[in-house]
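Commentary on secondary and tertiary structure
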Amino acid sequence: MADVVGMPQAEPTPGSVLRSYDSLIADCVHCGFCLPACPTYVSWGEEMDSPRGRIDLMKGVSEGSIPLDGVVAGHIDACLGCMACVTACPSGVRYDLLIEATRERVETSVQRSPEDRAFREFVFALFPYPHRLRAMVPALRAAAKLGVNRVVAGPLGKLLPHRIRQLAAMMPPVTLREAFSSLPTFTRARGQKRARVAMVAGCVQRVFFPGVNAATIRVLAAEGCDVVIPPGQGCCGALSLHSGRTEEAKRFARALIARFEREPVSAILINAAGCGSTLKEYGELLHDDPAWSARAATFAAKVRDINEYLATLEPRAPRRSMPMRVAYHDACHLAHAQRVRAQPRELLRTIPGVELVEIPAGDQCCGSAGTYNLFEPASAHQIGARKVDNVRSVKPDLVASANPGCTLQMQSIARESGVELRCAHPIELLDAAISGTPLP
């Protein structure tokens, strides 16, 4: 295993020391604090499906005492990569770096079944490419009108492979106009200009949740920011990186950096939690590339989640009252990977009338985890059902979720019980309070 970049558990910083895979493994003292934080251990109580158990497997494989076979790969695949263990660990173990490096080894060393390989190639040939996702929308609209979704969700759907049923269940309703809408390359600040920022448009967010990007632009402009959206931008590489497809992630990262470094901006903003954590890791991802390491570190130093950034600005735009009970969902890659917890709550509290309520066991993952709910649908459903039960227990009028995958996962599981779970990104709530734009 090649060297990996090891850093303290606190805020990531450029120029961190290079540490080996084995030294990162050695940081784990097997204290067990990670066990109750790990969703798969909570589900099954299986040591090898806990963070410290998986680290034991990594150690055995690295030392040659355990073969890297399908059994080991199954335990690694079963990890959500939610990073709750990183938050819980008192020793500062960088499990995030370990699981990514181990997944890269699994992808290059373990022979998967033809069916598994084909499905994975399909997912990675589709989701990181917005234009391909858009090309699917007419077929999705036609399928919805023909009632195909109801058939898939009914008894006949059980004849289909579990992964295909999960993929169908996850697809959100979207209009052709929304899916094919384009974003302005430049939006001028309203009133006195406070900053010039750039925005990453995302892939799933851009096609299936275009209202989130539109709301982000409106709120930033209302708060005095010029907003630049570099044209031609593609995927950030998050799905690839979190699935062990490291070289693919690096290609996406280089292309995105090249698009953004042409723009003189003070911050690069993202409104999807999973993408944000990867963008902030670009310095680590490209540390061994002489042509790109400095450029990647410069890019990563400017990245901020939209909630994180807006919390640094004194609110200027007036907010209208929105009396409602809002449950805020901590997306894992925002709370655990980026350590952004207080800022979204602070922003929601600037809206008059909003009653913010906490979800029981709110730190636990919803089961989405990027592509996890597609590759491990049974486990994802079990974890997601716990989350939805906890959400419904506080009887919210709306769930505020800062990641598109989380929103899709919770809504699809709620629909199985005949419940429509109303969700919106925190930025959409702010936009509704500032501009009066209706909530989704």
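Once that is clear, we can look at the pattern of salt bridges. Pairing between side chains of opposite charge can happen when the charged atoms of each approach one another. In total, this model carries 26 salt bridges according to the counting rule given. Salt bridges sharing partners connect three or more residues here, namely Asp77, Glu107, Arg112, Asp116 and Arg120.

Looking at the secondary structure, you find Glu376 in the loop between helix 22 (372-375) and helix 23 (377-393). Each C-alpha atom, one on Glu376 and one on Arg163, is 7.8 Å from the other, the two residues being 213 residues apart in sequence.

This part is about helix 23. The end-to-end C-alpha distance of helix 23, which contains 17 residues, comes to 24 Å, matching closely the 24 Å that a straight helix rising 1.5 Å per residue would cover. Listed as buried for helix 23 are Pro377, Ser379, Ala380, Ile383, Gly384, Lys387, Val388 and Val391. For helix 23, the angular spread of buried residues about the axis comes to 160°, placing them on one side. Count one or two residues on from helix 23 and you reach Lys395, which has phi positive near 50°.

Bringing the sheet that holds strand 5 (residues 225-228) into the picture now. Strand order in the open sheet formed by five strands is 3-5-4-6-7, and the pairing between neighbours is mixed. Strands at the two margins of the open sheet, each flanked by one partner only, are strand 3 (186-187) and strand 7 (303-305). With three bridges connecting them, strand 6 (residues 267-270) and strand 7 associate as parallel partners. Pairing of Ile268 across the sheet is with Val303, part of strand 7. Here helix 13 (residues 210-222) sits on the sheet in contact with strand 3, strand 4 (195-199), strand 5 and strand 6, set at roughly 150° to strand 5. Sitting on the sheet, helix 18 (residues 293-302) touches strand 6 and strand 7, and the angle it makes with strand 7 is about 30°.

Bringing the packing of helix 15 (residues 246-260) against helix 18 into the picture now. Running from N to C, helix 15 and helix 18 cross one another at 70°; their axes reach a closest spacing of 10 Å. Classified by the angle their axes make, helix 15 and helix 18 are roughly perpendicular. Between helix 15 and helix 18 lies a crossing of left-handed hand. Mapping the contact onto sequence places Leu256, Ile257 and Phe260 in helix 15 and Arg295, Ala296 and Phe299 in helix 18. Within the contact of helix 15 with helix 18, the residues separate by chemical class into five nonpolar, no polar and one charged.

The subject of this paragraph is the confidence of the model for the protein. The predicted model of the protein has a mean per-residue pLDDT of 89, with 90% of residues at 70 or higher. When the criterion is pLDDT under 50, residues 5-17 qualifies, and its contacts beyond four places in sequence or with other chains add up to 24 contacts.

The next thing to look at is unusual backbone geometry. A positive phi angle, close to 70°, is found at Met83, a residue other than glycine. If you trace the backbone, Met83 turns up in the loop between helix 4 (70-77) and helix 5 (84-88). A positive phi angle is found at Ala361, which is not glycine, with a value near 50°. Locating Ala361 in the fold gives a position in the loop between strand 9 (354-358) and helix 22.

Turning next to the nonpolar core. If you look at the biggest cluster of nonpolar residues, it comprises 73 residues, and the most contacted ones within it are Val197, Leu220, Tyr309, Leu310, Val326 and Leu429. Not counting residues up to four positions away in its chain, the partners in contact with Val197 are Leu220, Cys225, Asp226, Val227, Val228, Val265, Ser266, Ala267, Leu269 and Tyr309. Counting residues in hydrophobic clusters, the runner-up holds 26 residues, among them Leu35, Val61, Ile76 and Cys79.

Turning our attention to the pairing of strand 8 (residues 324-329). Of all six residues making up strand 8, five are buried, and the element is well covered by its neighbours. Bridging between strand 8 and strand 9 involves five bridges; their strand directions are parallel. Its bridge partner being in strand 9, Ala327 is matched across the sheet by Val357. Pairing geometry for strand 8 and strand 10 (residues 398-401), over four bridges, is parallel. Bridging from a neighbouring strand, Val326 pairs with Leu398 of strand 10.

Here the focus is the side chain of Arg134. Residue position: Arg134 is located in helix 8 (residues 130-145). The class for Arg134 is buried, based on a relative accessible area of 17%. Excluding residues that lie within four positions of it along the chain, Arg134 makes contacts with Ala179, Phe180, Ser181, Arg206 and Val207.

Thresholds applied
Residues numbered from 1 in each chain as written. Predicted model: local features only at pLDDT ≥ 70, side-chain atom pairs only at ≥ 80, totals over all residues. Heavy atoms only, no water. Salt bridge = Lys/Arg side-chain N within 4 Å of Asp/Glu carboxyl O. Helix = DSSP H or I, 4+ residues; strand = E, 2+ residues; numbered from the N terminus. Expected span 1.5 Å × (residues − 1). Buried < 20%, exposed > 50% of the residue type's maximum accessible area, 1.4 Å probe, protein only. Arc of directions from axis to C-beta. Pairing = 2+ DSSP bridges. Contact = heavy atoms within 4.5 Å. Axes fitted to C-alpha atoms, helices over the stretch in contact; angles between N-to-C directions. Parallel < 35°, antiparallel > 145°, perpendicular 65-115°, else oblique. Left-handed = near helix turned anticlockwise from the far one by under 90°. Nonpolar A, V, L, I, M, F, W, Y, C, P; charged D, E, K, R; others polar. pLDDT = per-residue confidence, 0-100. Core = buried A, V, L, I, M, F, W, Y, C linked by side-chain atoms within 4.5 Å.

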